[in-house]
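Given next are the chains, with one letter for each unit.
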Amino acid sequence: MCVTGCDATKQDSPGAKPDAGTKCDGTAKPCKNCTPGNVSLEVAKNLLTLKHDRDCRLNIKVDPAGVAASAFRIEIRRASGATWCKLSSSQTMDTWHAVIAGKFKLRGVATICGTEHKTAEQDVEVQFPAYADITGDADVTTALSAAWTATEAECTEAPVNQRRERGFWVRLNTSTNKYETSAVEFGGWNAPADGAGVNLSARTADAPATPDPCAAGATYSVASFHSHTSTAFRAAAVPAGATRGVGPSGADNTADTRDDVPGIVYDYVESPAGSGSIPMGHPKGSAAQMYKSLGHERRTTPP
Amino acid sequence: MITAGQALMIALAASVQQLGQQPAGNAFVELRDAIYWVSLIPATSAAPGAPKSGEAVLVKVDHDTGDAAAPGVAADGRRPERSPDVSSISIAAAYDHAIAALRGFDNYDKQARLSVVLRNDHYEVTFPPIVTAPVSRGIDYAYQVWVDAASGGIVKILVPS
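Rules used throughout
Residues numbered from 1 in each chain as written. Chains lettered and ligands numbered in written order. Predicted model: local features only at pLDDT ≥ 70, side-chain atom pairs only at ≥ 80, totals over all residues. Heavy atoms only, no water. Helix = DSSP H or I, 4+ residues; strand = E, 2+ residues; numbered from the N terminus. Rg over C-alpha atoms; globule rule 2.2 N^0.38 Å. Contact = heavy atoms within 4.5 Å. Lys, Arg positive; Asp, Glu negative; His and termini not counted. Charge placed at Lys NZ, Arg CZ, Asp CG, Glu CD. Buried area = accessible area lost by both parts, 1.4 Å probe. Salt bridge = Lys/Arg side-chain N within 4 Å of Asp/Glu carboxyl O. Polar contact = N/O pair within 3.5 Å; in protein donor to acceptor, adjacent residues only side chain to side chain. Pairing = 2+ DSSP bridges. Axes fitted to C-alpha atoms, helices over the stretch in contact; angles between N-to-C directions. 1 Å grid on protein atoms, 1.4 Å probe; cavity = no way out; pocket = protein on both sides within 12 Å on 5 of 7 lines; lining within 4 Å. Points joined across faces, edges and corners; volume = space filled by probe spheres on them. Nonpolar A, V, L, I, M, F, W, Y, C, P; charged D, E, K, R; others polar. Expected span 1.5 Å × (residues − 1). Domains from an automatic or database assignment. Phe/Tyr/Trp six-rings, centres within 6.5 Å; stacked < 30°, edge-to-face > 60°. Buried < 20%, exposed > 50% of the residue type's maximum accessible area, 1.4 Å probe, protein only.

A tally of helices and strands in chain B yields three helices and eight strands. Its helices and strands taken in sequence order, chain B reads α-α-β-β-β-β-α-β-β-β-β from the N to the C terminus. The globule rule puts the C-alpha radius of gyration for 161 residues at 15 Å, and the 15 Å found for chain B is close to it. Expressed along its principal axes, the backbone C-alpha trace of chain B runs to roughly 45 × 35 × 30 Å. Within chain B, contacts between residues separated by at least 24 positions form 56% of all contacts whose residues are at least 6 apart in sequence. Side-chain charges in chain B split into 12 positive and 16 negative, and the spacing between the mean points of these groups amounts to 4 Å.

Interface size is commonly expressed as the accessible surface area that is lost when the partners come together. With 37 residues of chain A at the contact, the number on the chain B side is 18 residues. Carbon and sulfur atoms supply 49% of the area buried between chain A and chain B, which totals about 1,900 Å² over both sides. Of all residues in chain A, Asn199(A), Pro239(A) and Thr243(A) give up the largest surface area on contact with chain B, accounting jointly for 24% of the area buried on that side. Summed over the shared surface of chain A and chain B, the result is two salt bridges. A salt bridge links Arg137(B) to Asp259(A), with the nearest nitrogen and oxygen atoms 3.0 Å apart. Run the count over chain A and chain B and you get 18 residue pairs in polar contact (both at pLDDT 80 or more). When contributions to the side of chain A that touches chain B are tallied by element, the ones reaching two or more residues are β13 (219–227), β14 (243–245) and α3 (250–259) of chain A. When residues in the side of chain A that touches chain B are grouped by element, the largest group, seven residues, is from α3(A).

This part takes up the sheet that holds strand β1 (residues 38–43) of chain A. Residues and elements named next belong to chain A. Ordered by their spatial adjacency, three strands build an open sheet running β1-β3-β6, and the pairing between neighbours is antiparallel. One side of each edge strand has no neighbouring strand; the edge strands of this open sheet are β1 and β6 (92–97). Across the sheet, the mean angle from the axis of one strand to that of its neighbour is 15°, orientation sign disregarded. Pairing geometry for strand β3 (residues 55–63) and β6, over four bridges, is antiparallel. Paired with Asp 55 across the two strands is His 97, which belongs to β6.

This part takes up the pattern of salt bridges. Tallied over the entire structure, the rule returns 24 salt bridges over all chains. Asp106(B) is paired through a salt bridge with Lys110(B); the nearest N and O atoms lie 3.5 Å apart. Overlapping salt bridges, with partners in common, bring together Arg73(A), Glu75(A), Arg107(A), Glu116(A) and Lys118(A) in one network.

Here the focus is the layout of surface pockets. Computed from the structure, the largest pocket encloses a volume of approximately 550 Å³. Contributing to the lining of the largest pocket are 27 residues, with Gly195(A), Ile130(B), Val131(B), Thr132(B) and Ile139(B) lying nearest its centre. Of the residues in the lining of the largest pocket, the class split is 17 nonpolar, nine polar and one charged. Approximately 320 Å³ is the volume found for the second largest pocket. Along its surface, the second largest pocket is lined by 23 residues, and Gly245(A), Val246(A), Pro248(A), Ser249(A) and Tyr141(B) are the ones closest to its centre. At the level of secondary structure, the elements contributing two or more residues to the lining of the second largest pocket comprise β14 of chain A together with β8 (154–159) of chain B. The element best represented in the lining of the second largest pocket is β8(B), accounting for three residues. Its residues assigned to classes, the lining of the second largest pocket shows eight nonpolar, 11 polar and four charged.

Over its 17 residues, helix α2 (residues 138–154) of chain A runs 24 Å from end to end, which matches the ideal 24 Å to within 8%, given 1.5 Å per residue. Residue Asp137(A) occupies the N-cap position of α2(A), its side-chain oxygen lying 2.9 Å from the main-chain nitrogen of Asp139(A).

All names here are of chain B. As assigned here, chain B comprises domain 1 (4–75) and domain 2 (91–158). The interface is formed by 18 residues belonging to domain 1 together with 14 residues belonging to domain 2. Across the interface of domain 1 and domain 2, roughly 1,300 Å² is buried in total on both sides, 60% from carbon and sulfur atoms. The interface formed by domain 1 and domain 2 holds one salt bridge in total. A salt bridge links Arg 113 to Glu 30; the shortest N-O distance between them is 3.8 Å. When contributions to the side of domain 1 that touches domain 2 are tallied by element, the ones reaching two or more residues are α1 (4–14) and β1 (25–32).

For the rest of this paragraph, the subject is the packing of aromatic side chains. This structure, assessed with the given rule, holds eight aromatic pairs over all chains. Plain terms: the ring middles of Trp148(A) and Tyr266(A) are 5.2 Å apart, the flat faces sit at 15° to each other, and that makes the pair stacked. Residue Trp148(A) is found in helix α2, and its partner Tyr266(A) is found in strand β15 (residues 263–268); the two are separated by 118 residues along the sequence. Centre to centre, the rings of Tyr95(B) and Phe127(B) are 6.2 Å apart; their planes meet at 35°, and the pair counts as tilted. A residue pair is termed long-range when its members are at least 10 positions apart, and Tyr95(B) in helix α3 (residues 91–101) and Phe127(B) in strand β6 (residues 122–127) qualify at 32 residues. According to the relative accessible area criterion, Tyr95(B) is buried, its value standing at 10%. Grouped by ring-pair contacts, the aromatic residues Trp148(A), Phe168(A), Phe225(A), Tyr266(A) and Tyr268(A) constitute a single cluster.

Turning our eyes to something else, we now look at the pairing of strand β8 (residues 115–118) of chain A. Sheet topology note: the strand β7 (residues 102–112) of chain A/β8(A) ladder contains four bridges and is antiparallel. The partner of Ile112(A) across the bridge, within β8(A), is Thr115(A).

Written out as structure tokens, the structure is:
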């Protein structure tokens, strides 16, 4: 039903029934349709990963087509929070770059003939990258390889027979969408008879600690890293025939579990194959690789 | 002040009635408040007074005097892996072989946690590291000696990174 006449400036009342084809007041213009059948938010993916799978299409769909909707916005809040913030003032975000980790609620808002219509809320989780994502990144592998090279270089026989581990945190800056590393932390110098370790500090705080869902980005600690050491000059200091296991220790696994991160350990490839170990006197420069600790596949998504 | 290894031998001697002579199985020695708590879990329950499945004979040994309290029983699920139907060298023998393998290289904490664990085909005798400064990512042991459960031969000696 056309209530007030339909020209370019007058509108139907919000309660008018849909009659898009109705002509009235002698004009040739159709009445506006002010009663939507349905307003919904289309979310292309409900599970995203920072940096590696962060793009998602969002669209507010108004049915039927032809309903006079305007003043769109797409909003987000943490599932654990109550405050909405605006992601977009458009009906459609062809590419929403998810840059904040968390479990979120999304909704669309459309104004139809002066009345706001909110869509049902959609769940979206933005998770941290997994071990394979992190160790597959070229910037990360470059940084870790450099740390390994430095660890090997520091293992000397003379003038002092010594070696030490080093470690740092792998961080993801979602503003630049690039990985970074924290300052290097060193273990103590170790004599050839002694075991080595590094007292890597507790997981560095995120910056900001709890970012707003609409923030432009944040920096997260997503993995620990530390190197193990060479056996090149240890043979005389340990029992004949002794070998050293490769990969993370039980203590490494425990620490990464506590810190809720995947742990990356740089160590030699076992030799011989199938032994799970390397001999004493294993030459520096031998094949090495990254190992995953038994901590976590990825850091837990915040609520 | 006795060592964890001495406490193990004292506990084995004190529990002959429960475990018989030269039992095979698992042993864990931990120092708490100047007392060694020695848990002994036999591979078989043939001896009279042997603990039931899921239990261990627990012997408390004074750290300073070596005096052993009367053995008790405590819940403990750390069962040996090796089938009880297959004969094995004893806990004491495995420990002795490991100590012999380390002769001249005793760079470990003799008062800290010691374990003798019977796997399917070998014992793992694990000696704790000397901890000068705690580290978050470090080593699990100073030495771990694998001893063949049948012959007593040394299978391997592991040292940490």
